[in-house]
Amino acid sequence: MSDLLLHLPRLARVEPDSLSACFDGLTPQQRAAVEHGAGPLLVLAGPGSGKTRVITRRIAARIAQGVPAWTILALTFSNKAAREMRTRVESLCGSRATGRGGPTISTFHAFSAQLLRRFGGSSLAAGLGTAPLRDDFSILDADDAATALRQAISDSGLDPKQWRASTVASHISRAKNQLWIAAEHAANASDFLERTVAKVHAAYERETARQNALDFDDLLTRCARMLRDDVELRAELQQRYVEVLVDEYQDTNHSQFVIASLLAQQHRNICVVGDPDQSIYGWRGADLSNILEFEKHFPRAAIVPLGENFRSTGHIVATAARLILHNGKRRHKELHTSLGDGATVEVVRLDNEIAEAERVAQTIERQHAEGMPLREMAVLMRMNALTRVVEDSLRRRNIPCVIARGTAFFERREVRDALAYLRLIANPLDEVSLQRIVNVPARGIGGTTMQRIGNAAVLRRISLLDAMQQARSLGITERTAKAIDGFVALVVRARSELDVKPAANLGGFVSRVLLETGLGRAAAASAETEEEGAEREANVTEVANAAALHEMPEGDPSAAPPTLGDALRSFLQSVALVADADAIDPEKGAVTLMTLHASKGLEFDSIFIIGLEEGLLPHARSLGSPDEVEEERRLLYVGITRARRHLLLTTCAARTVRGLQERTIESGFLREIAGEGVVSSDEADGVGQMRVREPSVMRRFGSAGSESGAAPRPALPAAGVGGSRQMPAGIRVGTVVRHAQFGVGRITALLPRGSMTSVEVDFRPGGRRTLVLEYARLEIVAGS
DNA sequence: TTGACCAGTGTTTTT
DNA sequence: CACTGGTCAA
């Protein structure tokens, strides 16, 4: 199944029942980790050091030592990682690891959702402190959550222009990660901004509670709170989980830390595996100190470093090591490999993204002709948006490629509409879904009507769907009322089947419901071309197919057989929790295109990383803070270490941004990796650069002068660093500047910082911030 | 109520 | 550029 399996032929020889087989072929360090008995264990696993192997062998070893399989809990981040781990444990342990008697191997989110469904109904702690959670809650994806949040913002009487949903969302997310509910958020808010956000948080909380819906953060936060506050339940689960293992521990956030550590508290057998240098989810709340301070959290923990890299050849390992040395927040590991130097790492500079894509495609073609399978090659990039050009180049050469975007299908409008119907049927309080599809396909129930019904619902304290049933008493025309009746009847009828039919009917049920909605035909009709229409219709059908194929997770053996409703909820949950990385299937004979984030945990013979430019990698959004730049560096580190034998990095002299070609500045990271085993070449000839726009004024601040246009290409050593630089005119203490994110503020200090300059700016509502002048894109509002 | 058109806007990464 | 939210006329 998995690509990793293909490269571990030794696994096949393992005797399922013998403990010693679990140690077969391990290095002494790996063996130490697998062998470790009771007590906390931290495995610091460098890239390619056999991390997955250690964790799966360890599970197998514990089972062989007599720990009952069902008392083992392994938590991962992606479904794919969970699936892979399960497969490997099963192949090691055979029947003892399968089915309901086997270990629990799940993602944090799915595990939390499971616990909340099972126990949230009887545990006050799972709710908001007043009412328990219902077990038929919906899971809001990021988009739905944003919709609900926008609603909450306007409900709070705030100007949606000034309070952007994305900004507010990240503040609320941070609060939830502290395990705060809105009331606690408000109690802990110390400034105007946070107090306002807390108000929105409260409105959002009310709104989602009314709709019986949880967002991604809620799943973790509520689960952590339930475990923290419900003493009885906690004791029961602590009793059950004798061994807790966490994969990719460097990416756990506070909620996840609380969940894992509370569950492991009684038996104290917690084994975490991770690499601080590969932490790339800080923006999502990942807390590096979880892994950096593991021994503080779990005194007397054993620590096993795995530094030997079995994946990549020498120059690749050395390049990665050189890069990561520039980070401050880390735990140093000596990386080494015994695979020999291998091929040199190539760095190529091209004119623009088209030349870049062509260069990559050409190299892929050549390597393929030399015998490398396409599935052994991957192109990595900072943003999904960069895939398009590469895709075009590959297509033109008839090189098949797959884009690792597992969520892409579920982002299609018609698919989301179909799922909204199903979610409404599963949870009639789900107004985000109701509003979404009440008039899709158009049936004459417009905004005014829904507004009126909404008001009535609030007034009469009933749900929107119930209010719709009373449409005639609201002075709604007969014609519209008929349409409403039809819609409500559809939902109610479908819903009546949920408790009476068995789970096995899911596929037929979904297909019938979707047919009845007329969604497929409507989606087809709204398309511009015939093909597009057919595709949309097929997508709707595909939802039914997916439902038919859905497998329920192993349930409690003592519980009643699952109903259609159980199956529907389970299906919707699995659909809500898919990830991009889940779509990666290396069995296909195709080149994989994906983001650097999605590449974590994978490996390929040949890796291409494109777009090594300032503003892209490191990404512009990270440049204000040194911590975030370190994370960008780790991101590149992750990318580099995916490669087994070949690595090509590309950078462009110009790149099209928002439809305009802009001059770029080579990524500073390229300078950091320069050294033995890295060969750079400049293949930019300047020809494709006719329409190049000079970098914008804001970006030009501080970078070595290219204003004159005299130097159409910056010298190869990265610009933006080194060279003489003057302060942009007018920047001094007292200058009033505007920042895209923080607004208007006054400069309070200028500090030299290495080759750059830090400015301290006092933003009135946002407080005081230190920004890197060269990167902050400050706009001068007024002099001192 | 609908659909068409416009203007503005924002741009990372994802469970 | 691509997308969304909003506005306006039929």
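The structure under discussion appears in the preceding block.
I will try to describe carefully the structure that is included in this document. (Residues numbered from 1 in each chain as written. Chains lettered and ligands numbered in written order. Predicted model: local features only at pLDDT ≥ 70, side-chain atom pairs only at ≥ 80, totals over all residues. Heavy atoms only, no water.)

Remarks on the packing of helix 2 (residues 28-35) against helix 3 (residues 51-64)
Move 1: Between helix 2 and helix 3, whose axes approach to 8 Å, the crossing angle comes to 40 degrees. Taken as axis vectors, helix 2 and helix 3 run oblique relative to one another. Judged by the sense of rotation from one axis to the other, the crossing of helix 2 with helix 3 is right-handed. Between helix 2, through Gln-30, Ala-33, Val-34 and Glu-35, and helix 3, the contact on the second element is made entirely by Arg-53, Val-54, Arg-57, Arg-58 and Ala-61.
Move 2: Class assignment of the residues belonging to the contact of helix 2 with helix 3 gives a composition of four nonpolar, one polar and four charged. (Axes fitted to C-alpha atoms, helices over the stretch in contact; angles between N-to-C directions. Helix = DSSP H or I, 4+ residues; strand = E, 2+ residues; numbered from the N terminus. Parallel < 35°, antiparallel > 145°, perpendicular 65-115°, else oblique. Left-handed = near helix turned anticlockwise from the far one by under 90°. Contact = heavy atoms within 4.5 Å. Nonpolar A, V, L, I, M, F, W, Y, C, P; charged D, E, K, R; others polar.)

Re the sheet that holds strand 11 (residues 401-403)
Strand pairing in a sheet is mediated by backbone hydrogen bonds. Such pairs are either parallel or antiparallel.
Move 1: Taken in spatial order, the seven strands of this open sheet run 11-12-10-13-14-9-17, and their pairing is parallel. Whereas interior strands pair on both sides, the edge strands pair on one side only; in this sheet they are strand 11 and strand 17 (678-682). Here the average twist between neighbouring strands, direction ignored, is 20 degrees.
Move 2: As defined by bridge partners, strand 9 (residues 345-350) adjoins strand 14 (residues 643-652) across five bridges and the pair is classed as parallel. Across the sheet, residue Leu-350 finds its bridge partner in strand 14, namely Cys-652. (Pairing = 2+ DSSP bridges.)

Considering the sheet that holds strand 6 (residues 243-246)
Move 1: With parallel pairing, the six strands of this open sheet are ordered in space as 3-2-6-7-1-8. In the strand order of this sheet, the two ends are held by strand 3 (104-107) and strand 8 (302-306), each with one partner. If you compare each strand with its neighbour and ignore which way they point, the axes differ by 15 degrees on average.
Move 2: Here strand 2 (residues 72-76) runs beside strand 3; their pairing, made up of four bridges, is parallel. By the bridge assignment for strand 3, Leu-75 is matched with Ser-106.
Move 3: Relative to strand 8, helix 2 is tilted by about 145 degrees, and along the sheet it contacts strand 1 (41-45) and strand 8.

Focus on the pattern of salt bridges
Move 1: Under the definition given, this model contains 50 salt bridges.
Move 2: Residues Glu-631 and Arg-634 are paired through a salt bridge, measuring 3.3 Å at the closest nitrogen-oxygen approach. Highlighted residues: Glu-631 and Arg-634, both in helix 28 (residues 626-640), separated by three residues, approximately one helical turn. For the pair Glu-631 and Arg-634, a shared accessibility class is recorded, and that class is buried.
Move 3: Each of the salt bridges in this network shares a partner with another, and the network as a whole consists of Asp-141, Asp-143, Asp-144, Arg-416, Arg-423 and Asp-430. (Salt bridge = Lys/Arg side-chain N within 4 Å of Asp/Glu carboxyl O. Buried < 20%, exposed > 50% of the residue type's maximum accessible area, 1.4 Å probe, protein only.)

Some remarks on the side chain of Arg-234
Move 1: Looking at the element boundaries, Arg-234 is found in helix 11 (residues 231-240).
Move 2: We note that Arg-234 is buried and unpaired, the nearest opposite charge coming from Asp-229 at a distance of 6.4 Å.
Move 3: When sequence neighbours within four positions are dropped, the list of residues in contact with Arg-234 reads Leu-227, Arg-228 and Leu-262. (Lys, Arg positive; Asp, Glu negative; His and termini not counted.)

Topic: the packing of aromatic side chains
Each aromatic ring pair is specified by the distance between its two centres and by the angle formed by the two planes.
Move 1: Summed over all chains, the structure comprises seven aromatic pairs.
Move 2: Ring geometry for Phe-294 and Phe-298: centres 4.9 Å apart, planes at 35 degrees, overall tilted. Both residues of the pair, Phe-294 and Phe-298, count as buried.
Move 3: Ring-pair connections join several aromatic residues into one group, and the members of that group are Tyr-249, Phe-294 and Phe-298. (Phe/Tyr/Trp six-rings, centres within 6.5 Å; stacked < 30°, edge-to-face > 60°.)

Observations concerning the environment of Gly-37
Move 1: With respect to the helices, strands and loops of the structure, Gly-37 is situated in the loop between helix 2 and strand 1.
Move 2: Gly-37 sits 21 residues away from Arg-58 along the chain, and the two C-alpha atoms are 9.8 Å apart.
Move 3: For Gly-37, the contacting residues outside a window of four places in its chain are Arg-58 and Arg-62.

A few points about the nonpolar core
Move 1: Within the largest apolar cluster, 48 residues are counted, with the highest numbers of intra-cluster contacts made by Leu-422, Ile-453, Met-468, Phe-487, Phe-509 and Leu-568.
Move 2: For this core, the secondary structure elements donating two or more residues are helix 19 (413-426), helix 20 (431-437), helix 21 (447-460), helix 22 (464-468), helix 23 (478-497), helix 24 (506-517), helix 26 (530-549) and helix 27 (564-576).
Move 3: Considering every element that reaches this core, the biggest residue donor is helix 19, with nine residues.
Move 4: Apart from the residues lying within four places of it in its own chain, the contact partners of Leu-568 are Leu-422, Ile-425, Ala-426, Leu-498, Leu-506 and Phe-509.
Move 5: In this structure, Leu-179, Leu-220, Ile-259 and Leu-577 belong to the second largest nonpolar core, which totals 46 residues. (Core = buried A, V, L, I, M, F, W, Y, C linked by side-chain atoms within 4.5 Å.)

Some remarks on the environment of Ile-153
Move 1: Mapped onto the elements, Ile-153 comes out in helix 6 (residues 142-155).
Move 2: Exposure remark for Ile-153: the relative accessible area of 1% places this residue in the buried category.
Move 3: Each C-alpha atom, one on Ile-153 and one on Val-197, is 9.0 Å from the other, the two residues being 44 residues apart in sequence.

Some points on the protein's contact with DNA strand B
Move 1: Around DNA strand B sit 24 residues in total, of which Arg-164, Arg-382, Thr-449, Ala-579 and Arg-658 are the nearest.
Move 2: Atoms of DNA strand B within 4 Å of the protein: sugar and phosphate make up 55%, bases the balance.
Move 3: Note that a sugar or linking oxygen of DNA strand B is positioned 3.4 Å from one of the backbone N or O atoms of Phe-77.
Move 4: A distance of 2.8 Å separates a phosphate oxygen of DNA strand B from a polar atom in the backbone of Asn-384.
Move 5: A class-by-class count of the residues in the surface near DNA strand B yields eight nonpolar, ten polar and six charged. (Near = heavy atom within 4 Å. Polar contact = N/O pair within 3.5 Å; in protein donor to acceptor, adjacent residues only side chain to side chain.)

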